[in-house]
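# Tertiary structure, described
Here are the chains, one letter per residue:
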Amino acid sequence: MFISKTLTWRSLLLTFAFLLPSGLTIAADPAAGLRFITEESPPYNYTENGQLKGSSVDLLEAVLQIIGSKQTRKDIQVHPWARGYRMVLNEPNTMLFSTRRNPDREDLFRWVGPVASSPVVLMARKRRDFEVKQLSDLDDLSVVAVASDMGEQVLDAYKIPKDIRQTVSHPDIAARMLIFRRIHLWSYGQRTALWLLKQQGAKVEDYEPVWSFGSAGDLYFAFHKDTPDETIQLFQHVLDQLKNDPGDDGLSTYERVLKSYLE
């Protein structure tokens with residue numbers, strides 16, 4: 001955790017308790033009974049040497065500590081994206097992160113955030129024998145996306161032909177497909193795609209986005225739609241406070257966490 005030396009979790013909890021909105025109280029363990037679900041999507045959430053890491057993991061654990069929950073990152077479940085997405089759609093007392101918030105998903109979940117942002121792009125090798133100046137240029141190429149990920153959803157939204165697309169269950173598979181030239185393009189979040197390519201042994205400088213779909217929505221904590229108002233309000237309030245607690249270096253806890261992973 002990247003916490004100011006002069007501000008401990010104990011003092012944060014005491015401070016935030018006084019700053020709670022009117023009528024909002026902290027239960028003995030507000031997260032008791034909640035299941036937290038994530039996927040391998042660095043630098044936001046990923047496993048390294050058997051330990052769950054990432055900026056969104058750090059932020060969630062910070063919120064849990066501040067509200068006095070006994071849950072830690074060790075209690076977070078890691079599933080393939082499509083499975084985790086279905087779980088939080090259908091099972092009460094669940095939360096999925098990091099999840100892009102957009103109009104199509106707005107009423108499917110309850111949202112706390114944002115926790116980060118990253119544009120969805122088509123990633124390709126720099127040394128290639130094709131150019132993408134308009135989306136119609138994709139007709140003679142091949143594109144991979146992760147099932148139920150925003151990278152797949154933007155391909156649907158932009159009506160990219162199904163016959164040039166492949167869908168895989170895990171982003172590591174997509175990264176290897178691009179590395180070994182089994183695919184021309186990978187539709188995915190730019191920062192995460194580059195991170196995963198590096199983890200697979202590729203040189204980041206050999207790859208670049210050739211098309212950007214722009215921000216398809218900031219990344220959030222997505223709770224099951226029946227999660228009580230009090231839970232959503234408490235998590236949002238504490239996350240907001242993490243964004244507004246400048247330390248000796250002038251950075252908030254939120255800024256220090258993101259800086260440690262994204263630079």
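Use the structure listed above.
We now turn to the structure provided with this report.

What counts and how
Residues numbered from 1 in each chain as written. Predicted model: local features only at pLDDT ≥ 70, side-chain atom pairs only at ≥ 80, totals over all residues. Heavy atoms only, no water. Pairing = 2+ DSSP bridges. Helix = DSSP H or I, 4+ residues; strand = E, 2+ residues; numbered from the N terminus. Contact = heavy atoms within 4.5 Å. Axes fitted to C-alpha atoms, helices over the stretch in contact; angles between N-to-C directions. Salt bridge = Lys/Arg side-chain N within 4 Å of Asp/Glu carboxyl O. Buried < 20%, exposed > 50% of the residue type's maximum accessible area, 1.4 Å probe, protein only. Phe/Tyr/Trp six-rings, centres within 6.5 Å; stacked < 30°, edge-to-face > 60°. Lys NZ or Arg CZ within 6 Å of the ring centre and 35° of its normal.

### Comments concerning the sheet that holds strand β4 (residues 77–78)
In space, the 5 strands of this open sheet follow the order β4-β1-β5-β12-β6, with mixed pairing throughout. A single partner strand is all that each edge strand has here, and the edge strands are β4 and β6 (109–116). Against the sheet, helix α2 (residues 55–66) touches β1 (35–38), β5 (94–100), β6 and β12 (219–224), its axis set at about 140° to β5.

### Quick word on the pattern of salt bridges
Here the structure, examined in full by the defined rule, presents 11 salt bridges. Note that Glu208 and Arg128 form a salt bridge whose closest N and O atoms lie 2.9 Å from each other. With a gap of 80 residues between them, Glu208 in strand β11 (residues 207–212) and Arg128 in the loop between β7 (120–125) and β8 (143–146) connect regions that are remote in the sequence. A salt bridge links Arg256 to Asp249; its shortest N-O distance comes to 3.3 Å. Given a relative accessible area of 10%, Arg256 falls into the buried group. Judged by relative accessible area, which is 47%, Asp249 ranks as partly exposed. Three or more residues joined by partner-sharing salt bridges are found here, namely Asp58, Glu61 and Arg73.

### Thoughts on the packing of aromatic side chains
Counted by the stated rule, this structure contains 10 aromatic pairs. Both rings, one in Trp186 and one in Tyr188, keep their centres 4.9 Å apart while their planes meet at 20°; by these two values the pair is stacked. Put simply, the rings of Trp81, Tyr85, Phe109, Trp111 and Tyr220 pair up and form one aromatic cluster. Taking the ring centre of Tyr220 as reference, the NZ or CZ of Arg101 above it sits at 5.0 Å. Over the ring of Phe130 we find Arg128; its NZ or CZ atom is 5.7 Å from the centre of that ring.

None of this, on its own, says anything about what the molecule does.
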